[in-house]
Amino acid sequence: MTRNVALGQPTVGEEELAAVADVFASGWLSGAGPACVALESDFAAVAGVDHVLATSNCGSALHLALLALGSGPGDEVIVGDYTFPATGHSVMWTGARPVFADVRPDIWSLDPAAVEAAITPRTVGIVAVDVFGQPADYDELRAIADKHGLWLLEDAACAAGATYKGRPAGSLADAAAFSFHGRKGITAGEGGALVSARKDLVDHARKLHTYGISPAIVRDASAELPVPSFDELGYNYRLSDVAAAIMRVQVKRLPTLVENRAKAAAGYAQLLGDVEQLTLPVELADRTHPWQSYVLTLAPELDRGAVAMALRAQGVGCNFGTYASHVQPLYGDTAPCPVSADLFARHVAIPMHANLTEDDVEYVATVVRDVVSSAAVRR
Ligand SMILES: *Cc1c(COP(=O)(O)O)cnc(C)c1O
C-alpha cells in the first residue's frame, strides 16, 4: 500500500493555538511586543547567550548581525559554500562581497583549510553555516579568526538544539542567526533570532530592526515622552507577537522534537547502513545533530533526478540538499569549490520531521533501498 510521507512537517497544535488566542486577547499583535520580549528571554537559554533579538526571519537576523559587526562596501566576507541563498545574499545586502570557501566532505560545513586559503587583506569576517543543523568546526575557525583579526558569525538557521563540545549552537561565534521558517526544527511559519554574548551588538541590531528607532515597548516604559530622531538607516525586521507566542511553545517542545528526529535518523542509519549506493549523513562524536534534514549522498553512477522522481512516485517526499553558492549566476566570478559542487549534484533529502512514525521510517527506507538499487536509475 502506498503512503505519503512528507519531506518536512511542522509539529504544531492546540498549545500553539491557545498561545495565539492569548495574544489576540492582549491586543498587542504587532512586533517587538511583550511576547517577543518573553521569547527572547526563553531563547537565550536555548542558545546559551545573554542577548537575543527576535526577527522577521533568519535572513534579516544575518543582515543585522553583519551590519552590527561592521560588514560594508569594499569588504570581503568568507562564507561556507554549501548553503541556502540567505547566507551569501545577506553579505551582499551590506555591500560587501561574499567569498565562498569549500566545505568538508563529511559534514558539509566550512573547511578551515579553505578559509585560510581565501583570506585577503580585504577580508573582515567569516560566516560558518551549521549545515542542516550540525555545528561547524568552531574551535578551528575561532583560531583562524583570532589570528587574522576577523569576526566569526554562525548561520545557525537549522541548528536550534544542536551542541558542539557541550556548548549550544548560538554560543559558538561572535553572533548567530536562527530561522523559525516552517521547514526548520522549531517554527512559527516565519521568524528568526539574532543571538550574541555581546550586548552592544544586539542593542545596535535592535535599533536597526525597527527603522533605526528604539522599539515602542522601550519608549512606553519611559517616564517622559521620547520622540526619536533618525540617525541610522534601519529596517522593519520585527517578529510579530503572534509568531513570538507560537515560538514560545515551540521552544518548550524543542527537546522532544530533536529526540523524535534523532530517533528517525537512527532508524534510517540502521535500515540503510548497508546500501552500497548510498553514503549516509554522519553525526560527529563531539557534537549533537538536531537533524533539520536527513540527506543521502548518492553514488556517482546514479541519476539523481530519476531517483527523486521514483521516490516521489511512491509517496516519499524528497528534494536536492541545499545549494552550491559559487555556481549561482548572482555571485559572479568565484573560485571553484569542488566538494560543494559535488554535494549539490548528488544529495537527496528524504523525509525528516518530528512526526515521523517507525512505520514511516521503515516505509521510506524500503522504498529508498528499492529505488537506488534498481537499474532504471543508473546513468
Ligand atoms: C533556511 C535557511 C536560512 C534562511 O532562513 P529564513 O528564515 O527563511 O530567512 C538561512 N540559512 C540557512 C543555512 C538556512 O537553511
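Residues numbered from 1 in each chain as written. Predicted model: local features only at pLDDT ≥ 70, side-chain atom pairs only at ≥ 80, totals over all residues. Heavy atoms only, no water.

The protein chain goes by DegT/DnrJ/EryC1/StrS aminotransferase family protein in an unreviewed UniProt entry, where it is assigned to Cellulosimicrobium protaetiae. In its Cofactor (unreviewed entry) section, UniProt records this for the protein chain: "pyridoxal 5'-phosphate". Looking at the Sequence similarities (unreviewed entry) heading of the UniProt record, one finds this comment for the protein chain: "Belongs to the DegT/DnrJ/EryC1 family." (UniProt positions renumbered as here; feature names shortened; annotations may be inferred.)

Caption draft 1: Structural view of the packing of aromatic side chains. On inspection of all chains with the given rule, the structure shows 13 aromatic pairs. One aromatic cluster in this structure is built from Phe84, Phe320, Tyr323 and Phe344. (Phe/Tyr/Trp six-rings, centres within 6.5 Å; stacked < 30°, edge-to-face > 60°.)

Caption draft 2: Examining the domain arrangement of the protein chain more closely. Each assigned domain of the protein chain is listed with its residue range as follows: domain 1 (14-250) and domain 2 (254-377). The interface of domain 1 with domain 2 comprises 39 residues on the first partner and 35 residues on the second. Both sides of the domain 1 and domain 2 interface together cover about 3,100 Å² of buried area, and 58% of this is carbon and sulfur. If you sort the residues of domain 1 by the area they bury against domain 2, Tyr82, Phe132 and Gln134 come out on top, with a joint share of 22%. Connecting domain 1 to domain 2 are one salt bridge. In this structure, Asp137 engages Arg287 in a salt bridge whose closest nitrogen and oxygen atoms are separated by 2.9 Å. Of all the elements in the fold, those that place two or more residues in the side of domain 1 that touches domain 2 are strand 3 (82-83), helix 4 (85-93), strand 4 (97-101) and strand 7 (163-164). Across the side of domain 1 that touches domain 2, the residue classes tally to 21 nonpolar, nine polar and nine charged. (Domains from an automatic or database assignment. Contact = heavy atoms within 4.5 Å. Buried area = accessible area lost by both parts, 1.4 Å probe. Salt bridge = Lys/Arg side-chain N within 4 Å of Asp/Glu carboxyl O. Helix = DSSP H or I, 4+ residues; strand = E, 2+ residues; numbered from the N terminus. Nonpolar A, V, L, I, M, F, W, Y, C, P; charged D, E, K, R; others polar.)

Caption draft 3: Quick look at the environment of Ala197. Residue position: Ala197 is located in the loop between strand 10 (192-196) and helix 7 (199-208). Take Ala197: its relative accessible area is 58%, and that puts it in the exposed class. In this structure, the C-alpha to C-alpha distance between Ala197 and Gly48, residues 149 residues apart in sequence, is 8.5 Å. Those residues in contact with Ala197, other than ones at most four positions away along the chain, are Val49, His51 and Asp174. (Buried < 20%, exposed > 50% of the residue type's maximum accessible area, 1.4 Å probe, protein only.)

Caption draft 4: Quick look at the UniProt feature "modified residue: N6-(pyridoxal phosphate)lysine" (unreviewed entry) in the protein chain. UniProt tags Lys184 as "modified residue: N6-(pyridoxal phosphate)lysine" (unreviewed entry). Its location among the elements puts Lys184 in the loop between strand 9 (175-179) and strand 10. Its relative accessible area of 18% is what places Lys184 among the buried residues. Not counting residues up to four positions away in its chain, the partners in contact with Lys184 are Ala157, Cys158, Ser179 and Gln292.

Caption draft 5: Here's a closer look at the sheet that holds strand 13 (residues 294-298). With antiparallel pairing, three strands are arranged side by side in an open sheet as 11-13-15. Unpaired on one side and paired on the other, strand 11 (278-279) and strand 15 (347-350) mark the two borders of the sheet. Relative to strand 13, strand 11 runs antiparallel, the two being bridged by two bridges. The residue of strand 13 that forms the bridge with Leu278 is Leu298. Contacts between helix 11 (residues 338-346) and the sheet are confined to strand 13 and strand 15, with strand 15 contributing the most and set at about 50° to the helix. (Pairing = 2+ DSSP bridges. Axes fitted to C-alpha atoms, helices over the stretch in contact; angles between N-to-C directions.)

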